[in-house]
Structures are given as structure tokens and as C-alpha cells.
Amino acid sequence: MMYGSDSLLPERSWQAEAGAKAEGRWIMLSGSLFRRSTADMIQWQSMPDWSTRTVNLGRVNADGIEASLALHPLDWLSVEINFTHCLVTRDDSTHTVLPYRPRNIANAALAVDDLQLARHLRLGWKLAARYTDCQDPGPYVARVLPRTIACDQTLSIKIRDARLFWRADNLFNADYQTRYGYPMPRRSHAFGISIELWD
């Protein structure tokens, strides 16, 4: 029930961005404003018969801000946070917000990078979190996808040139969707070992 179209027009777009960045010994802060304008944007669109088709939407504008913060207070410790607010609307009298375009997205990560525990023993750990705002799936679906937070973790132990690791994706078993009717994977685990054969 997915159909393309041989009559689609090619997309044409331009983008403008202005920003600033400040750096210190253990901190970096940046921010920017942007606009992306796309003519004849191509998008999959849900139809009343429940099929999905590719269509040209006309002109679409994406206006937003981006901000990021990175901290490195210790040689082995770092924190990173970034945030994006973006409003994607049709450039016509309706100013309709496009489906599956969350207005707010944020990412954060806390990392321990090879903290030395003993002469040939080092610890690595990273916890990452992703926040996604509510998403409107379009005119033929009544339910709005709720805001979600999903976390991933990687823990590793380095012994000389070998590294043992454990990775957990969707650490807290969040139940969420990025497309209506298609649940994302629940918690999963991976274990492994990597060996450095040369420097």
C-alpha cells in the first residue's frame, strides 16, 4: 500500500544560519538560528484509503534554534548536551505543521573515558539520553505520539590491549514509536571483546 509517482518535481532548497561559539579551558558553548526553505518538498503522505503515497507539498519552511554545551572538567570525564527547537510548516495560508516533525529534540551524554583503576586496568562508561517531543502523525490518525526519553549505556573494562564491553540499548525499556503503528525495539544487550593489535 505504498505508491511512488513518476510525476514528482525535484526539491529545491536554500538554508541560512547564524551562530556563535565560546570556548574555555574545559567548556564549550554554542548556539545558532537557522531557516531552511524547500520548494516542492517530497514526502510520504497518508491517504484516506490508508495507502501511503509520495507527493509534492509545495514550499515548506523549517525555522529553529540549536544550542549545545560541552564540559570536560577532568581528563577522563565529559558531559555533552544539545537541544534543537524546529518548527516545520507549509508556506501557505494554512501554515500546517508537517507530520512526524517533533518541535523539540534534546540529547545528553555523560562519559568516563579510560579512567585508570590500576596499572593495566582502565574503566570506560557512557550514558546517553535522547528526548523527543510529541509528534503529530497526520490527519488520518487520531492519536498523537507521546514525548519519549530513551537511554543507552556502554560499560567497558580495558585490560592491557583488550577491552571487554557491555552495551544496553533502550536501557530503561521505554515503550515508544517514531511512526504510528511501528513500535521501536525494547531493551537489548550486547557483550563483546575488542583487541588492539598495534598502536
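Okay, so let's go over this structure.

Conventions used here
- All chains use their own residue numbering, which begins from 1 and follows the written sequence.
- Since the coordinates come from a predicted model, pLDDT governs what is reported: local features require at least 70, and pairs of side-chain atoms require 80 or more to be given and counted, while whole-chain, interface and lining totals use all residues.
- Calculated side-chain values reflect all of the structure's heavy atoms, with hydrogen atoms and water omitted.
- Only runs of H or I of at least four residues qualify as helices and only runs of E of at least two qualify as strands under DSSP, and these elements are numbered from the N terminus.
- A radius of gyration in this sense is built from C-alpha atoms; the matching globule rule multiplies 2.2 Å by the number of residues raised to 0.38.
- Disulfides are defined in this document as cysteine sulfur pairs within 2.5 Å.
- Summary of the burial criterion: residues with accessible area below 20% of their type's maximum are buried, those above 50% are exposed, and those between are partly exposed, where the area comes from a 1.4 Å probe applied to protein chains only.
- The definition of a polar contact used here is a pair of N or O atoms within 3.5 Å, where within protein one atom must be able to donate a hydrogen and the other to accept one, and adjacent residues in sequence count solely through side-chain atom pairs.
- Each patch is built from residues lacking any salt bridge and having more than 30% relative accessible area; the joining distance is 9 Å for like charges and 5 Å for nonpolar side chains (Val, Leu, Ile, Met, Phe, Trp, Tyr).
- In these tables, accessible area is a Shrake-Rupley quantity obtained with a 1.4 Å probe, and a residue counts as shielded only by the protein chains included in the view.
- Any Lys or Arg side-chain nitrogen located within 4 Å of an Asp or Glu carboxyl oxygen qualifies as a salt bridge.

Remarks on the overall build of the chain
Item 1. Looking only at helices and strands, the chain features 0 helices and 14 strands.
Item 2. Secondary structure elements in the chain, listed N-terminal to C-terminal, are β-β-β-β-β-β-β-β-β-β-β-β-β-β.
Item 3. Whereas a compact globule of 199 residues would reach a radius of gyration of roughly 16 Å, the chain reaches 22 Å, over 25% beyond that.
Item 4. Across its three principal axes, the chain shows a C-alpha extent of roughly 65 × 40 × 30 Å.

Comments concerning the state of the cysteines
Item 1. Tallying each qualifying case throughout the model produces 0 disulfides.
Item 2. For Cys 86, which is in no disulfide, the shortest distance to another cysteine sulfur is to Cys 134 and amounts to 16 Å.
Item 3. Look at Cys 86 and you get buried, because its relative accessible area is 10%.
Item 4. Classification of Cys 134 by relative accessible area gives partly exposed; the value is 32%.

Some thoughts on the environment of Arg 147
Item 1. You can see Arg 147 is positioned in the loop between strand E9 (121-132) and strand E10 (148-159).
Item 2. Given a relative accessible area of 52%, Arg 147 falls into the exposed group.
Item 3. Each C-alpha atom, one on Arg 147 and one on Pro 185, is 16 Å from the other, the two residues being 38 residues apart in sequence.
Item 4. One polar contact links Arg 147 to Tyr 131, side chain to side chain, over a distance of 3.4 Å.

A word on a nonpolar patch on the surface
Item 1. A contiguous nonpolar patch, built from Ile 159, Leu 164, Ile 193, Ile 195, Leu 197 and Trp 198 and spanning about 720 Å² of accessible area, is present on the exposed surface.
Item 2. Secondary-structure assignment places Ile 159 in strand E10.

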